[in-house]
Amino acid sequence: MDSKKEYSKPGEFKPMDLLACAAAREVQDGEIVFAGTGLPMLAIMVAQHTQAPTAVCIYESGSIDGKPIDLPTSVADARCSYQAAVADGLTDVFGQLQSGKVDLAYLGGAEVDLYGNVNCTFMGGPTGKRLTGSGGNSDIHSLAKRSVLIMPQFGQKRRFVERVSYITSPGWKIPHWPDKEWVPKREVYGPAFNGGPSAVISDMGVYRFDENGEMYLDTVHPGFTAEDCRENCSFDLNISRVKGETLTPTYEELDLLYKTIDPEGIIMK
Amino acid sequence: MARPKIVSLTEAVGQINDGDMLTFGGFTVWRRPMAAIYELIRQKKRNLHLVEVNGGTHDDMLVGAGCVGIWESSWCGHELYGKFGSNLARKIEKGEILYEDWAHIHVLNRLTAGAKGLPFLPTYAAMGSDMLNPENDNLGKAGLRDGSNPHIGKYKYVMYKEPFTDSEIVLVPAANPDWCITHVQMVGAEGTVRVDGLKFSDLEVIKASKHNIIIAEKVVSEEYLRREPTRNMLPGYLVDYIVELPWGAHPTGLYGVHEPDGEFIANFFKATRTQEGFDKWADEWIFGVKDFQEYLSKLGITRLEPLKANPSLGYSSTLKRGSR
């Protein structure tokens, strides 16, 4: 066996490395992937270098299938367009998203809830702490076939809540406006329903959603227990389905992150 | 055919009135008309109504300087150079500004409708989000949906059962800003506009707007641009004013010309966590210089030089960006 394909041992990787590699493993070869600034960019690039060489990356600024040789620092960075198939604009890529062409999207957020609703507008609702607002997060979470959230969790249980205090981006169960009745996403979106959140990857574990659209713990990162994960949620997390430990980064993936994708140390410090 | 006027930045920005609705070309921290932002602040414009597909460093500056009465957009931040727009966040938290939150597609559709002469466009985006919660219709709550302001619709949006498949869809009203200010690489003397790199939502925001100011790194001959019309974005009759101003997008980036000045933006973010901090920053970088030329001199060649793009890549190959 190629030693580079071996999994690294605890102490040989940082939480950020595991986050990026666990996210990268969500990509299947040939998929059309929307990625945002930061960790999502690293994840799609790791995937393209490993199990998904023909996955296509779209940035919401309008860059399609770029082959960046230097890590972009934003989705509109000139580096995103290097060797791209198309460098157009938002109408094109958001139109493709709405018409169901996007298989997978990576997103972040300040809060996520039991149903995969995401908040990146206000902590504590509209009278609380103001954040950036939705950006593309809401459109992408609404309309991609699958979305994967990358979120910090350890010591921040207020980020994993039963109900987010402001729904920026709709999950599996959402209010129907203007009557405020909570219903499954499929009912609200009708023919435009493409899918929804499929995983949340934190610095403690990987979470997925069951047939009722409720979050459960799938794998727990090395160094933590399922109980640790539950204690770092503000709701009664379902840990009955946990499969075991999250696979650690391989030596090849670590090399890719530090030597090929981010040799300048912009994100992988 | 009307021809655009080539004017100074002071003259172009001087045409904008207090209370006007504005939008801008570019995306987050790329290709923003920053020199015009500084000039709007210097000319002490007030009660501006911003409508933007997404915001960035530029609108946070305008908000910090007290130029903005209403902010309608999906986002305000500085990408990796700062977590969020501090000035906007502070004023929203203190109830000092009117704002309306939207998703990208909502604002994009509002401006696309405006560009096409339609009253609205539909979308499925962000259904079930609190942006569409009637309790969060802030302009409505402020009593501004009474028809007295031509830029504010009777409703924030309408949930509509469309007749073809009976599915529910969101209708968002057209937006037609009074002004769009766009920074580009090149414009012809008669106003033909060429943009290199990503086009973002420039076509929609420019065409939706009643008046356009195009600020360019270089004004070139029309004949040069018309040798390759497929590379051009806009005809000159859509442009009202042209300003030639190299580096006018600093500290944001310009594809093929220069990088964003990340350190400058990060320092802005750090400085503006308080209003006093912003005021001090503005005293140094906006009011402390006579005009954009003096601003560039203050920045200095040794700061600007490493930002310049390598023509083979479209971006700088010498700028130190990370920790290694």
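Residues numbered from 1 in each chain as written. Chains lettered and ligands numbered in written order. Predicted model: local features only at pLDDT ≥ 70, side-chain atom pairs only at ≥ 80, totals over all residues. Heavy atoms only, no water.

## Let's talk about the packing of helix H1 (residues 15–24) of chain A against helix H2 (residues 39–49) of chain A
All names here are of chain A. Heads up, the rule is: Angles here are taken between N-to-C directions and fall from 0 to 180 degrees, while the axes themselves are lines fitted to C-alpha atoms, restricted in helices to the stretch in contact. Helix and strand labels come from DSSP, where a helix needs a run of H or I of at least four residues and a strand needs a run of E of at least two; each type is numbered from the N terminus. Geometric relationships in this document are graded by angle, where less than 35 degrees denotes roughly parallel, more than 145 denotes roughly antiparallel, 65 to 115 denotes roughly perpendicular, and other angles denote oblique. Left-handed is the label given to a crossing in which the near helix is rotated counterclockwise from the far helix by less than a right angle, and right-handed is the label when the rotation is clockwise. Here, two residues are considered to be in contact whenever any of their heavy atoms come within 4.5 Å of each other. When residues are sorted by character, Ala, Val, Leu, Ile, Met, Phe, Trp, Tyr, Cys and Pro go into the nonpolar class, Asp, Glu, Lys and Arg into the charged class, and all the rest, Gly among them, into the polar class.
Between H1 and H2, whose axes approach to 8 Å, the crossing angle comes to 55°. With respect to H2, the element H1 is oriented oblique. Two packed elements cross with a definite hand, and for H1 against H2 that hand is right-handed. Residue-level contacts link Met16, Leu19, Ala20, Ala23 and Ala24 of H1 to Leu39, Ala43, Val46 and Ala47 of H2. Of the residues contributing to the contact of H1 with H2, the split by class is nine nonpolar, no polar and no charged.

## What about the sheet that holds strand S7 (residues 158–161) of chain B?
Residue and element names in this part refer to chain B. For clarity, the cut-off: Here, a strand pair is defined by DSSP locating no fewer than two bridges between the strands.
If you trace the three strands from one edge of the open sheet to the other, you get S6-S8-S7, paired in antiparallel fashion. Looking along the sheet, the strands with just one partner apiece sit at the ends: strand S6 (120–123) and S7. Neighbour to neighbour, the strand axes of the sheet diverge by 40° on average, direction disregarded. Here four bridges tie S7 to strand S8 (residues 168–173), and the two strands are oriented antiparallel to one another. Along S8, the bridge assignment pairs methionine 159 with valine 170. Strands S6 and S8 of the sheet are contacted by helix H5 (residues 104–116), whose axis makes an angle of about 150° with S6.

## Some remarks on the sheet that holds strand S7 (residues 118–119) of chain A
In space, the three strands of this open sheet follow the order S7-S6-S11 (chain A), with mixed pairing throughout. Where the open sheet ends on each side, the last strands, each with one partner, are S7 and strand S11 (160–161) of chain A.

## Here's the deal with the state of the cysteines
All names here are of chain A. The condition is simple: For this text, the term disulfide refers to a pair of cysteine sulfurs within 2.5 Å. Working definition: with a 1.4 Å probe on protein chains only, accessible area under 20% of the residue-type maximum means buried, over 50% means exposed, and in between means partly exposed.
Applying the stated criterion across every chain yields a total of zero disulfides over all chains. Cysteine cysteine 21 is unpaired, with the sulfur of cysteine 57 as its nearest cysteine sulfur at 17 Å. By relative accessible area, which is 0% here, cysteine 21 ends up buried. Unpaired in terms of disulfides, cysteine 80 finds its nearest cysteine sulfur in cysteine 57, a separation of 7.7 Å.

## A look at unusual backbone geometry
Going from tryptophan 177 of chain A to proline 178 of chain A, the amide bond is cis rather than trans, its omega being 0°. Mapped onto the elements, proline 178 of chain A comes out in the loop between strand S12 (173–176) and strand S13 (181–184). In the segment running from histidine 250 of chain B into proline 251 of chain B, the intervening peptide bond is cis, with an omega of 10°. In this structure, lysine 44 of chain B takes a positive phi of about 55° despite not being glycine. Assignment of secondary structure puts lysine 44 of chain B in the loop between helix H2 (34–42) and strand S3 (48–51). The residue aspartate 166 of chain B is not glycine, and still its phi comes out positive at about 65°. With respect to the helices and strands, the residue aspartate 166 of chain B is situated in the loop between S7 and S8.

## What to know about the pattern of salt bridges
Selection rule: By definition here, a salt bridge exists when the distance from a side-chain nitrogen of Lys or Arg to a carboxyl oxygen of Asp or Glu is within 4 Å.
Overall, the coordinates contain 34 salt bridges over all chains when judged by the stated rule. One salt bridge in this structure joins lysine 180 of chain A and glutamate 135 of chain B, with 2.5 Å as the shortest N-O distance. One end of the pair, lysine 180 of chain A, is in the loop between S12 and S13; the other, glutamate 135 of chain B, is in the loop between S6 and helix H6 (138–141), on a second chain. Judged by relative accessible area, which is 41%, lysine 180 of chain A ranks as partly exposed. For glutamate 135 of chain B, a relative accessible area of 46% puts it in the partly exposed group. Among the salt bridges present, the one from arginine 303 of chain B reaches aspartate 261 of chain B, with a minimum N-O distance of 2.7 Å. With arginine 303 of chain B in helix H12 (residues 301–304) and aspartate 261 of chain B in the loop between strand S12 (241–244) and helix H9 (262–271), this pair connects stretches of sequence that are 42 residues apart. Salt bridges here are not isolated pairs; linked through shared partners, they connect Glu26, Arg208, Asp218 and Lys243 of chain A.

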